[in-house]
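# What the coordinates show
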Amino acid sequence: IKKVIIIFADILIIIFTLIISLKLRLDSFSFISSYSFFINILLLIPVSVLANLYFELYIPVIRFISNQIIYKIFKCSLAISCVLFLLSQLEYFFIPRTVPIIFFIVSFVMLGGLRAIIKLIHLNLGKINKKNVAIYGTDNQGRQLLSFLYQSALYNPVLFFDENEKVLGSEINGIKVVSFQKNLNLLTKLNINTLFITTKIPTQRIKDIIIKKLDNH
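Criteria and cut-off values
- Residues numbered from 1 in each chain as written.
- Predicted model: local features only at pLDDT ≥ 70, side-chain atom pairs only at ≥ 80, totals over all residues.
- Heavy atoms only, no water.
- Pairing = 2+ DSSP bridges.
- Helix = DSSP H or I, 4+ residues; strand = E, 2+ residues; numbered from the N terminus.
- Axes fitted to C-alpha atoms, helices over the stretch in contact; angles between N-to-C directions.
- Parallel < 35°, antiparallel > 145°, perpendicular 65-115°, else oblique.
- Left-handed = near helix turned anticlockwise from the far one by under 90°.
- Contact = heavy atoms within 4.5 Å.
- Nonpolar A, V, L, I, M, F, W, Y, C, P; charged D, E, K, R; others polar.
- Buried < 20%, exposed > 50% of the residue type's maximum accessible area, 1.4 Å probe, protein only.
- pLDDT = per-residue confidence, 0-100.

Spatially, β3-β4-β2-β1-β5 is the arrangement adopted by the 5 strands of the open sheet, whose pairing is mixed. The open sheet has two edge strands with one neighbour each: β3 (171–172) and β5 (192–197).

In structure tokens, the structure reads:
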């Protein structure tokens, strides 16, 4: 249901953004009654939905607005604006060539603003006691589990553990990836009391590492 709401809101944003862009360029609302305007809307709506899906902006982003998400919103707005630019090259659509630039700026602000607002609403409505949890493993299973945990009313994912140097220090949907062996203190610091293991490394080996670290700790 959350995804449907975000998709509907994004469609409204695209329509509103196109109206603002044309109004700023033409200084009139007369275009609203034109046939070409509705054709432009009908073309941009599926492009917008597909772009948001491609850049994974319909996953549960409402709990964080990271640099990664902002960059995705930037690329999504740019992609939609590029399609609008292509349409502006055809006289049939009656789109001034400066409109795509205005559209890009406004859509970037509004798409990002929508997610920021949803985040604030979610934080205010979600002030319940959830268990902070971490995920050991950043493979596909770990990412799928993260998506599931974001929908959970019981768990609050706060950290990814992995020993793959290629992913250490990066973020996955707003969650930091760190080495377990080097960051055991984060279990206490972030009050993590549950660890989900999804990595292909044998579970017993991970348990041995955990027990050894806890003993040393």
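Here the focus is the packing of helix α1 (residues 2–26) against helix α2 (residues 35–54). Here α1 crosses α2 at 135°, and the two axes come no closer than 10 Å. With respect to α2, the element α1 is oriented oblique. As for how α1 packs across α2, the hand of that crossing is right-handed. Of the residues in α2, those in contact with I7, D10, I11, I14, I15, L18, I19 and L22 of α1 are F37, N40, I41, L44, I45, S48, V49 and N52. Looking at the contact of α1 with α2, its residues break down into 12 nonpolar, 3 polar and 1 charged.

Turning to the pairing of strand β1 (residues 131–136), a few remarks are in order. A large share of β1 lies buried, amounting to 5 of its 6 residues. Sheet topology note: the β1/strand β2 (residues 155–161) ladder contains 6 bridges and is parallel. Following the sheet pairing, I135 is matched in β2 by F160. As defined by bridge partners, β1 adjoins β5 across 5 bridges and the pair is classed as parallel.

Turning next to the confidence of the model for the protein chain. Overall, the prediction assigns the protein chain a mean pLDDT of 85, with 86% of residues at 70 or greater. Within the protein chain, α2 carries the highest mean pLDDT (94), whereas helix α7 (residues 203–216) carries the lowest (67).

To continue, consider the pairing of strand β4 (residues 175–178). In terms of strand pairing, β2 meets β4 through 2 bridges, oriented parallel. By the bridge assignment for β4, F160 is matched with V177. As defined by bridge partners, β3 adjoins β4 across 2 bridges and the pair is classed as antiparallel. Directly across from E171, in β4, lies its bridge partner K176.

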